[in-house]
Amino acid sequence: MSQMLLELENVTKSYGSLDALKDVSFSVEKGEWVAIMGPSGSGKTTMMNIVGCMDKPSSGTVVLDGRDISRESPRSLTNIRRDTIGLIFQQFHLINYLTALENVMVAQYYHSLPDEAEAFEALKRVGLEERARHLPNQLSGGEQQRVCIARALINRPRLILADEPTGNLDEANEGKVLELLRELHQEGRTVIVVTHDPEVAEQARRTIVLEHGRVHEIRDNEKD
Amino acid sequence: MFIRMILGALFRQKGKMLMVALTVALGASLASAMLNVMLDVGDKVNRELKAYGANINVLPKGALLLSDLYGMEQAPDTPDMYLSEEDVAKVKTIFWAHNIVDFTPHLNTSGTINGGADAVKVTGTWYQKHLSLPTGEELETGIQRMRSWWDVSGDWISDEDTDRAMIGSALARQQGLELGDSFTLGVGTNEQTFTVSGIIEAGGDEDDQVFITLKTAQDMTDKQEKISSFEVSALTTPDNEIARRAAENPRSLSAKEHETWYCTAYVSSICYQIDEVVPEGVAKPIRQVAESEGTILEKTQLLMLLITVLSLLGAALGISNLISASVMERSSEIGLMKALGAHDVPLTWLVLLEILLVGLVGGLIGYFAGLGFAQIIGQTVFGAPIAAAPMVIPLLSVLVALVIIVGSLPSIRYLLSLRPAEVLHGR
Ligand SMILES: Nc1ncnc2c1ncn2[C@@H]1O[C@H](COP(=O)(O)OP(=O)(O)OP(=O)(O)O)[C@@H](O)[C@H]1O
Ligand SMILES: [Mg+2]
């Protein structure tokens, strides 16, 4: 068995004449923390969508956990996403008529069975046990992002995909979110973070820089 | 969890859901009003049309024979030219007694005014006659109810009056008579003085006639308890093939057909039944009126059906718009659920069930509001309450459910085609 959780090979994604991604190849090890950087429009989100089983490449192969997801049907893509991926969004995407707790439970519901106690534990972990019964519009941006993280981790995904998770947050909240990502990483989950913030990127072991849809640079962040 | 999600969606977005419920309610109320009116309108329109006069005329056998030969005017004065006044109430004993709305006898004769040379037609009849039938039923009937379109200045006379008369407007002009004037009416050798109580503007033969009570006419002609004919106003079913054949000859029907015909309120079967209870008379439908009534009724019902269909169509469009708007607004939420692993079928159910629940509430409100509308329509158009038909409830439920499902089809198609990648990154 390979050590790799994710392998991209010559992945190209075209929108008409525009190549959002062109011949992108790289791989991510199990348990690794990788940052993706690059200027706006360089194809970061496009790549995350493909890795997150929400889009298919125009050509090339993407192997996630031993399965080539560029060949799967939409239905099984949904299942793979549900079982192996936790998504964190820049705009949080909480359901506005459900409480924090219920928002976490929705993820359980579509995965397996809702378990209120477990959902509550997840909220406790992100420090929101007091806020469990609040609706999203009663929460601050930082709190909403932490609900989003609790929702992403509730089904114990192997891979966490975060597209600019700190983009809408102030520094204090950014710190909290990074701390949570670090914890998840330490638990052995693989984390891929898209960011514009070099400080956030530094936390990762490697940074992949995209430019005009191509891998421009892969750097190791020597921390130890 | 499913239930919590639905309840959350319903109760925490009250405003939006209320709009959908109200649209459904509006459509449902129109449909329920129209359906209720439509199912009840047969009777109502029929009664309304009956207000425009009689549709069956009962003549003595002898008169019919002679009038066929010479026309009424020259008919000689023989005993078989008359029916008995007590025959009239017998129409209330036939199988379709319930469909007999009004009836009134006539005793026709001619006389002179103030000793003039011209003969004028004199009719004795009932005006607002109170009858106590042998069956115990009490009712009021007479020409005042059967000629509601007459434009009468002054007062109608009552059945007890012996010295008041109503005269046609043309006759009044010709004789220079006005309300309150007196005149002498000569019939045969008898003479009597009357006051003009009312002047009739009917737009027909009646404008040249004198109207007095039946009793007075009988006394003046020495024809106690006799009448020359009576007219009956009945609610009838539009004729079909069997009815037409029966009208030609009732014996041409098979036993089974005869039974069906007899037990249906065709004008011909009602006539047949009147003949059974008044053997000295012959009941004749006044064809034109009876037939046009049937077609007018059919047309009215068609019109109402059209309005029902249109109102439901309108509601479907409105619902479709509202639901589309709500689904579009929630596309990021639905994309998120897809991203979290929701498959198409449960998602469709979620949205559909939500809308159906809201639709149920709207439908209920609409049904009762529609009953209210139906009453308003009933009162303003027909001057009578509309009976609530229980059949409307299942019919309306099915229609509302259908409208909601059809109305949400475009949204559901949109929902299924939604790709989470496109909605979640706020492009
Ligand atoms: N559905 C689409 N249709 C057409 N063009 C698209 C579509 N999605 C992305 N693109 C184009 O692909 C390119 C890459 O877009 P992408 O969203 O991946 O950039 P990004 O690196 O995430 O940028 P940002 O940092 O602003 O989020 C852009 O030029 C974008 O306009
Ligand atoms: Mg992006």
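Given the structure is predicted, the values throughout are model-derived calculations rather than measurements. (Residues numbered from 1 in each chain as written. Chains lettered and ligands numbered in written order. Predicted model: local features only at pLDDT ≥ 70, side-chain atom pairs only at ≥ 80, totals over all residues. Heavy atoms only, no water.)

Enquirer: Please provide a residue-by-residue account of the pairing of strand E3 (residues 33–37) of chain A, values included.
Expert: Residues and elements named next belong to chain A. Of all five residues that make up E3, five are buried, and the element is covered over most of its length. Residues Trp33, Ala35 and Met37 of E3 are buried on one face, and the alternating residues Val34 and Ile36, pointing to the opposite face, are buried as well. Pairing of E3 with strand E8 (residues 190–194), which is carried by four bridges, proceeds in the parallel orientation. Considered in E8, the bridge of alanine 35 is made with valine 193. Taken together, the four bridges between E3 and strand E9 (residues 206–211) define a ladder with parallel strand orientation. (Buried < 20%, exposed > 50% of the residue type's maximum accessible area, 1.4 Å probe, protein only. Helix = DSSP H or I, 4+ residues; strand = E, 2+ residues; numbered from the N terminus. Pairing = 2+ DSSP bridges.)

Enquirer: Hey, could you go over the environment of Ile199(B) for me, with residue numbers and the actual values?
Expert: Residues and elements named next belong to chain B. For isoleucine 199, the location among the structural elements is in strand E10 (residues 190–201). In the structure, isoleucine 199 is positioned 32 residues away from isoleucine 167 in sequence and 5.2 Å away in space, judged by C-alpha atoms. Here isoleucine 199 is in contact with Asp151, Val152, Ser153, Ile167, Gly168, Ser169, Ala172, Leu177, Glu178 and Leu179, once residues within four sequence places are set aside. (Contact = heavy atoms within 4.5 Å.)

Enquirer: With reference to specific residues and values, describe the interface of chain B and chain A.
Expert: Taken together, the contacts link 29 residues of chain B with 30 residues of chain A. Around 2700 Å² of area is buried between chain B and chain A when both sides are counted, 61% of it from carbon and sulfur atoms. Here chain B and chain A share three salt bridges between them. A salt bridge links Glu116(A) to Arg4(B), with the nearest nitrogen and oxygen atoms 3.2 Å apart. Linking chain B with chain A are nine residue pairs in polar contact (both at pLDDT 80 or more), by the criterion used here. Looking at the side of chain B that touches chain A, the elements with two or more residues in it are helix H1 (2–11), helix H11 (331–339), helix H12 (344–382) and helix H14 (420–424) of chain B. (Buried area = accessible area lost by both parts, 1.4 Å probe. Salt bridge = Lys/Arg side-chain N within 4 Å of Asp/Glu carboxyl O. Polar contact = N/O pair within 3.5 Å; in protein donor to acceptor, adjacent residues only side chain to side chain.)

Enquirer: So, the sheet that holds strand E7 (residues 159–163) of chain A: which residues are in play, and what are the values?
Expert: All names here are of chain A. Taken together, six strands build an open sheet; the order of strands is E6-E7-E8-E3-E9-E10 and the sheet is mixed. Bordering the open sheet on either side are strand E6 (85–88) and strand E10 (214–220), each of which pairs with just one other strand. Taken pair by pair, the neighbouring strands of this sheet meet at an average axis angle of 15°, ignoring direction. Where E9 and E10 come together, six bridges link them in antiparallel fashion. Along E10, the bridge assignment pairs isoleucine 208 with isoleucine 218. This element, helix H1 (residues 44–51), spans E3, E6, E7, E8 and E9 of the sheet and lies at about 155° to E7. Helix-sheet contacts for helix H2 (residues 74–84) involve E6 and E7, and the interaxial angle to E6 is about 80°. (Axes fitted to C-alpha atoms, helices over the stretch in contact; angles between N-to-C directions.)

Enquirer: Describe in detail unusual backbone geometry, supporting the description with residues and values.
Expert: Even without being glycine, Asn10(A) reaches a positive phi, approximately 50°. Position of Asn10(A) among the secondary structure elements: in strand E1 (residues 4–15). Exposure remark for Asn10(A): the relative accessible area of 40% places this residue in the partly exposed category. You will see that Glu225(B), though not glycine, has its phi angle at about 65°, which is positive. With respect to the secondary-structure elements, Glu225(B) resides in the loop between helix H6 (214–221) and strand E12 (226–227).

Enquirer: Can you lay out the nonpolar core for me, pointing to particular residues and giving the numbers?
Expert: The biggest cluster of nonpolar side chains holds 123 residues, and the ones touching the most others in it are Leu8(A), Leu64(A), Leu123(A), Leu181(A) and Met337(B). Here this core gets eleven residues from one element, more than from any other, and that element is helix H2 (residues 14–50) of chain B. Discounting residues that sit within four places of it in the chain, Leu8(A) has contacts with Val24(A), Ser25(A), Phe26(A), Met47(A), Val51(A), Thr61(A) and Val62(A). Val58(B), Met81(B), Phe103(B) and Ala265(B) belong to the second largest nonpolar core, which has 47 residues in total. (Core = buried A, V, L, I, M, F, W, Y, C linked by side-chain atoms within 4.5 Å.)

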